[in-house]
Structures are given as structure tokens and as C-alpha cells.
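Inside the fold
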Amino acid sequence: LASLGREYQIRFAILFDAQDRPFAQYHRDTGQPAGEPRLSADEAYLDLSLLGVGSVEVSQILTLDGDPIGRIFIHARTDELAAQLRRYASMVGLLLLVTLTASLLFALRLHRRVADPILHLAAKTREISALGDYGVRISEPGCDAEIAALIRGFNAMLEEINRRDTALTAHAGALDRANVKLRALTTEIALVGERERKRLAAELHDSAMQKLAIAQIQIAAAVERPEPGQ
């Protein structure tokens, strides 16, 4: 029991004999009763207070060559353990604060590197859709390779759409010019046909009248000069 004096946290201890009667006692504060042990053999009790002074009690059987010769009861304060737990709690709290701060900073950086380029891409998409100008290309700001690949793919899609839109516009222009030529040709054919009808009508009219007039003159001449023998 005298060796317990080096352990300041042990307040008192009781050594019992084989009949479980107090044999010797140790008490750090001289003149104060050791108190009654609340434990039986091979038991332990912990009363821990992080802000105050807790206690721990241990009761252990003592044996010699396998035979029980008594037991020892120790009552100790846990102020050092409570102080260590408070230090550990402070360290854990500080670690949690540092971790939370680092997480927030990482989230902000991730937001700038991922969310901002995506929002920029969405805004440009709405602008292109509203203006209908597929010749616009989206720049690649400082972002990750995945976002840059997404932007390059979107630009490639815009280029293909712009190429097809240009080809469609060219085809539409060619079709309009062909329609203009077709309308002009149709008008010219109609005019040519009208002129040809007029010409044919004039020729038919003049030729028939001339033939009738000649026939009338011949008939009149025949009537006035009968042939000999008639």
C-alpha cells in the first residue's frame, strides 16, 4: 500500500484478508475516514465528470499459488483523466473546425471550377438559342479536363449545326433563284405562245381572204368572157 503514495490520484485503498476483513488501509489525506467500499470482488465502478472531479473504484481478488489470500480495494480520483478528456475534446473540436473550414474552402473551389463553367455554358446556350447565331463559340475558362471536353464537344456540335445551316441557306437561295428563272421562263413561253397564235391567226385570215378574192375575180372574168364554142 505504501507504493500507492507515488500515485497522487489514488485517494485511499483497503487491503482485506482471506476472510474479507480489513487488514490494512491507505489514505492520502490523513485523518479522514477511508470510506466504505461499495464493490464486491472483481468489480469496477467509474463516476466521471468532465467539468468536475469524478472517481473510479476497483476491487480485485489477490491469489497466491492459485489460492485466494484476500482482496484489495482502490478508490482514485479521475481529475487527470477528466483533464485529458477535456484536452482531447478541445483537440477534436479544433480538428472538426479545421476540417469544416477546409471542406468549405474545397467546396467553394470546386464550385468555381465545376459549377461556374457549367453555368457559363448554360447561359451561352440560352443566348445562342435566343439569337439563332450558331457561329458563336464558347471559350474554355480555367476548368477541369472533363468540363473542357464538354465545352469542346458543344463547340463541335455548334460547328456542325452552323455548317448544315449554311448549306441549307445556300440550297434555299439556289431554289429561290431557280423559281425566279422558272417564273420568267413561264412568262416568256406564255408571251411566245400568244405571239405565235396571233401570227397564225393573221396568216390564216389573210390567206383565206386572198384566195376568196382571187376566186371571185376569176369567176367574174369567166362570166364576162365566155370561152369559144359556148
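Just above, that's the structure.
Notes on the structure in this doc start here. (Residues numbered from 1 in each chain as written. Predicted model: local features only at pLDDT ≥ 70, side-chain atom pairs only at ≥ 80, totals over all residues. Heavy atoms only, no water.)

One finds Leu 4, Ile 10, Ala 13, Tyr 26 and Ala 76 forming the largest nonpolar core, which totals 5 residues. Apart from the residues lying within four places of it in its own chain, the contact partners of Ile 10 are Leu 4, Tyr 26, Arg 28, Ile 74, His 75 and Ala 76. (Core = buried A, V, L, I, M, F, W, Y, C linked by side-chain atoms within 4.5 Å. Buried < 20%, exposed > 50% of the residue type's maximum accessible area, 1.4 Å probe, protein only. Contact = heavy atoms within 4.5 Å.)

Let's shift gears to the packing of aromatic side chains. According to the stated counting rule, one finds 1 aromatic pair in the structure shown. Centroid distance Phe 12 to Phe 73: 6.1 Å. Interplanar angle 40 degrees. Geometry classified as tilted. With a gap of 61 residues between them, Phe 12 in strand 1 (residues 10-16) and Phe 73 in strand 5 (residues 67-77) connect regions that are remote in the sequence. For the pair Phe 12 and Phe 73, one class covers both residues: buried. The positively charged end of Arg 71 is found above the aromatic ring belonging to Phe 16, 4.2 Å away from the centroid. (Phe/Tyr/Trp six-rings, centres within 6.5 Å; stacked < 30°, edge-to-face > 60°. Helix = DSSP H or I, 4+ residues; strand = E, 2+ residues; numbered from the N terminus. Lys NZ or Arg CZ within 6 Å of the ring centre and 35° of its normal.)

Inspection of the sheet shows strand 4 (residues 55-64) paired to strand 5 by 10 bridges, in the antiparallel sense. Its bridge partner being in strand 5, Val 56 is matched across the sheet by Ala 76. If you look at the hairpin formed by strand 4 and strand 5, you'll find 2 residues sitting between the two strands, and Asp 65 has a positive phi there, around 55 degrees. (Pairing = 2+ DSSP bridges.)

The next subject is a nonpolar patch on the surface. Judged by side-chain polarity, Leu 94, Leu 97 and Val 98 come together as a nonpolar surface patch covering roughly 300 Å² of accessible area. Note on placement: Leu 97 falls in helix 1 (residues 79-131). (Patch = residues over 30% accessible without salt bridge, like charges linked within 9 Å, V, L, I, M, F, W, Y side chains within 5 Å. Areas by Shrake-Rupley, 256 points an atom, 1.4 Å probe, with all protein chains shown as cover. Salt bridge = Lys/Arg side-chain N within 4 Å of Asp/Glu carboxyl O.)

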